[in-house]
Amino acid sequence: MSLAYITKLSFVTLLFAAVEPFAQASHRPEFQLRFLNGSSQLRPSYDYVIVGAGTAGLTIADRLTANGESTVLVVENGDIVDSPRIKQIYSGTAAMGPTWSYQINSVPQINLKNRTTAVLAGNLVGGSSAINAMMTVRGTSEDYDRWGSFFGNNSSWSWNGLLPYLKKALNFVPPDPAVAELVNITYDASYWGNSSGVYAGWPSFQWPGLTTQIEAFRDMPGVEFPPDSGAGKTGVYWFPTFMDPKQVERSYSRTGHFDGINRTNYDVVTKSHVIKVILEDGIASGVAFRQKIGNATTLTTIKANREVILSAGAIHSPQILQLSGIGPKKLLQSAGINISIDLPGVGQNFQDHPMMFMSIVLANFATHPSPRDMFGNPNFTDWAQELWRTNKTGPYSMGIGNAAAWLSLSVISPRFESIAAKLENQDHAAQLPPDTDETVIAGYIAQMKNMAASIRSPNTAFYNHVLSGAGSSGSLINLHPLSRGSVNINVTDPFNTEPIVDYRALSNPVDTEVMIEFLRFTRRYFFETRLKELIPRQVQPPDYVNEPEDLAGFLAENLSPSEFHPSGTCAMMPRELGGVVDENLNVYGVKHLRVVDASIMPTLPGANTCQTVYAIAEKAVDLIKGDSNSAEHLDTHK
């Protein structure tokens, strides 16, 4: 079986080798980017000033400057970086870590044995899209309908309202038919677009053991198999990778919305640290940023003629608002910052996807090739390396994976109703810090009532298990954590330090119950399906750890509060529910100031966040253009 598989894949790679050599995948390659390395080259003002050259920021800048009429400056804290590690697809994790991320650690987590966690946020042109695992996944329809529900039934923030932007954001390239046939990859191109410079592509190889893992889910009652990862459904499915299929390299906001663009109305300045938004009589009129050149530090103020747009991410957008005097009154007072707008929700509602590692090994898993052959089979490794050297095909074209389970709690747990009832009847205010503002509490209550309904629903995914194609399990992700943390300025030195990040992991005890159900379901998947014939053996947690209190202890010692998807800290919710921005992404109480990044998500989608951030940015562009084209920039703030 394995020889036939390799033979077929070799034939596929020969087909690739027969076509013309891979061309440079940049767009408009005859142009060079207008890139500024010093503030002296800047205009005194721009129509739009965007803070953050990341996933959202570069998308917005590209779209707003495309017609040549609007001028845009993007101010980026990091540098422009060219590295093989960023381009590399294989493993999906080569660019992760501290090299191109801000150097931030969370505060000790009380419920995790006082462990701290690295807070990964991209600090370079391209932002976190340059260093993430390239998993191209979107949430279910309920994830996006939930956002709009906080505003009522007619909100455009819904599955139907966001789907056109999810499609516009990416250029979908189908998998190679021969590879798709070998492992039964299903997809439906109607859920995708093909006009973006950011690609959703597929590797030229898949591990045959993935079919074994996928088919075993058919033995679990209630598990569905949607036709495409973009269908907005829970289930087990294949999903693409953020990769340019011609170059076989990472595709991200820089390659899609920055490289090769030469517009005199589109400027980017790097190594520039924004310290505040300039406010004049309640209007955002520009930004102030500092640059360090040698031993000298310069402070520059740039005027925004139309808008300031914060796209600095869920860690730094709330920090910049707070430094600008927009945020919780008590916090700003304790930092000695003049209060412009008392907006209690800024920096609150912090969410990320918690994850843990569970190890179950299949002793009789004999399907080859498998991921282990990349390390333990020299002949296979030599073959894989030769394919890659010849035409960038084979196993080295694979990222972290392309198949996973995204399942509802009603499918994975027989206790889902009692868990939902417990959450529903909980004292929600008691799950937040004692000094939490009443509007933030009201927003949390609204979220938890919605989450209780979602626990009962078959179409909100809570459980995520990425399949490896090897004879073992791996990481389990909680897609809808119920605990809420915060990202606040360091009041002792707010302008010269990173913000204080507190996940408040497992502060809502229902999270512990939910993740215990993850462990139990994963065990049933291995021991009560066709996989039992392969002699599973549980390694971590040890198979004798079964009681709820013991499993809770395992979580406290092993859970990570972050899958590197920080979100929610400038929530798009009504102001009376602790919201920071309205449905047009305008900051409450301030004119001409928007936030466009993962911080506006009121609740996390049940998916990796990158694809959703692209869609948010695409929708924001239409909102911005709509305001610009109207006879009067309407003020809808309270």
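Residues numbered from 1 in each chain as written. Predicted model: local features only at pLDDT ≥ 70, side-chain atom pairs only at ≥ 80, totals over all residues. Heavy atoms only, no water.

**Considerations on the overall build of the protein**
Counting its secondary structure elements, the protein contains 18 helices and 23 strands. Its C-alpha radius of gyration of 24 Å places the protein within 12% of the 26 Å reference for a compact globule of 638 residues. If you line up the protein on its principal axes, its C-alpha atoms span 70 × 60 × 50 Å. Evaluated residue by residue, the protein yields a buried proportion of 61% over its 638 residues. Within the protein, residue pairs in contact and separated by at least 24 positions form 76% of the contacts whose partners lie at least 6 positions apart. Distance between charge centres in the protein, computed from 48 positive and 59 negative side chains, equals 2 Å. (Helix = DSSP H or I, 4+ residues; strand = E, 2+ residues; numbered from the N terminus. Rg over C-alpha atoms; globule rule 2.2 N^0.38 Å. Buried < 20%, exposed > 50% of the residue type's maximum accessible area, 1.4 Å probe, protein only. Contact = heavy atoms within 4.5 Å. Lys, Arg positive; Asp, Glu negative; His and termini not counted. Charge placed at Lys NZ, Arg CZ, Asp CG, Glu CD.)

**What about the layout of surface pockets?**
Counted as a void, the second largest pocket has a volume near 720 Å³. Around the second largest pocket, the lining is made up of 31 residues, and of these P328, Q348, D435, T436 and D437 lie nearest the centre. In terms of residue count, the dominant contributor to the lining of the second largest pocket is helix α15 (residues 438–456) (4 residues). Grouping the amino acids of the lining of the second largest pocket by side-chain chemistry returns 12 nonpolar, 11 polar and 8 charged. (1 Å grid on protein atoms, 1.4 Å probe; cavity = no way out; pocket = protein on both sides within 12 Å on 5 of 7 lines; lining within 4 Å. Points joined across faces, edges and corners; volume = space filled by probe spheres on them. Nonpolar A, V, L, I, M, F, W, Y, C, P; charged D, E, K, R; others polar.)

**Comments concerning the nonpolar core**
Counting 86 residues, the largest nonpolar core has F217, M356, L407 and F518 as its most contacted members. Ranked by residue count, the leading element in this core is helix α16 (residues 509–527), at 9 residues. Apart from residues no more than four positions distant in its own chain, M356 is found in contact with G474, S475, L476, M515, F518, L519, F554, L555 and L559. Counting residues in hydrophobic clusters, the runner-up holds 68 residues, among them L73, Y266, L310 and V595. (Core = buried A, V, L, I, M, F, W, Y, C linked by side-chain atoms within 4.5 Å.)

**Here's the deal with empty space enclosed by the protein**
Inspection of every chain in the model, using the stated rule, returns 1 cavity of 30 Å³ or more. Considering the residues around the largest cavity, the lining is formed by F350, Q351, D352, P354, P481, S483, Y503, A505, L506, D511 and P561. Residues belonging to the lining of the largest cavity are distributed by class as follows: 7 nonpolar, 2 polar and 2 charged.

**Focus on the environment of R530**
Along the polypeptide, R530 turns up in the loop between α16 and β22 (536–540). Overall, the relative accessible area of 39% leaves R530 in the partly exposed class. Residues R530 and D219 lie 311 residues apart in sequence; the distance between their C-alpha atoms is 7.3 Å. For R530, the side chain forms a polar contact with the side chain of D219, separated by 2.8 Å. (Polar contact = N/O pair within 3.5 Å; in protein donor to acceptor, adjacent residues only side chain to side chain.)

**Quick look at the packing of helix α2 (residues 55–65) against helix α18 (residues 610–629)**
Close contact between α2 and α18 brings their axes to 9 Å; oriented N to C, the two are set at 35°. The two elements α2 and α18 cross, and the hand of that crossing is right-handed. On α18, the residues touching T55, A56, T59, I60, R63 and L64 of α2 are C610, V613, Y614, A617, E618, V621, I624 and K625. Tallied by class, the residues present in the contact of α2 with α18 amount to 9 nonpolar, 2 polar and 3 charged. (Axes fitted to C-alpha atoms, helices over the stretch in contact; angles between N-to-C directions. Left-handed = near helix turned anticlockwise from the far one by under 90°.)

**Quick word on the pairing of strand β16 (residues 359–362)**
Burial of the side chains of β16 extends over both faces: S359 and V361 are buried on one face and I360 and L362 on the other. Here β16 runs beside β22; their pairing, made up of 4 bridges, is antiparallel. Bridge pairing in β22 places V361 opposite R537. (Pairing = 2+ DSSP bridges.)

**Overview of unusual backbone geometry**
Here the amide bond leading from H368 into P369 is cis, since omega sits at 0°, within 30 degrees of zero. Positionally, P369 belongs in the loop between β16 and α11 (373–376). The linkage connecting Q540 with the following residue, P541, adopts the cis geometry, with an omega of -5°. Relative to the assigned elements, P541 resides in the loop between β22 and α17 (548–558). Non-glycine residue M134 carries a positive phi angle of around 65°. Overall, the relative accessible area of 1% leaves M134 in the buried class.

**Looking at helix α9 (residues 313–323)**
An α-helical segment advances 3.6 residues per turn. Residues three or four places apart therefore align on the same side. Judged by how many residues are buried, α9 sits mostly within the fold: 10 of 11 residues are covered. Those residues of α9 lying buried are A314, I315, H316, S317, P318, Q319, I320, L321, Q322 and L323. One or two residues past the end of α9 sits G325, with phi positive at roughly 85°.

**Details of the side chain of S472**
With respect to the helices, strands and loops of the structure, S472 is situated in the loop between β18 (461–466) and β19 (475–478). We classify S472 as buried; its relative accessible area is 18%. Beyond its immediate sequence surroundings of up to four residues, S472 is in contact with Q213, I360, V361, R372 and F526.

**So, the sheet that holds strand β17 (residues 403–408)**
Sheet architecture is open: 5 strands sit in the order β6-β17-β18-β19-β15, paired in antiparallel fashion. If you trace the sheet from one side to the other, it starts and ends with β6 (235–238) and β15 (355–357), each paired once. Neighbouring strand axes in the sheet, compared pairwise and without regard to direction, differ in orientation by 20° on average. The pairing of β6 with β17 spans 4 bridges and is antiparallel. Across the sheet, residue G235 finds its bridge partner in β17, namely W406. The sheet strands contacting α16 are β15, β17, β18 and β19, and the helix crosses β19 at an angle near 140°.

**Things to note about the environment of S340**
Within the element layout of this structure, S340 appears in the loop between α10 (329–335) and β14 (341–342). On the accessibility criterion, S340 (42% relative accessible area) is partly exposed. Between the C-alpha atom of S340 and that of G327, which follows or precedes it by 13 residues, the distance is 8.5 Å. Beyond its immediate chain neighbours, meaning those up to four positions away, S340 contacts L279, S324 and G325.

**Topic: the environment of Y588**
With respect to the element layout, Y588 can be found in the loop between α17 and β23 (593–595). Spatially, the C-alpha atoms of Y588 and I341 are 8.4 Å apart, while their sequence positions differ by 247 residues. Discounting chain neighbours no more than four positions away, the residues touching Y588 are F151, I341, L343, M573, P574, R575, G579, V580, V581 and D582. Engagement of the side chain of Y588 in a polar contact is seen with the backbone oxygen of M573, the distance being 2.8 Å.

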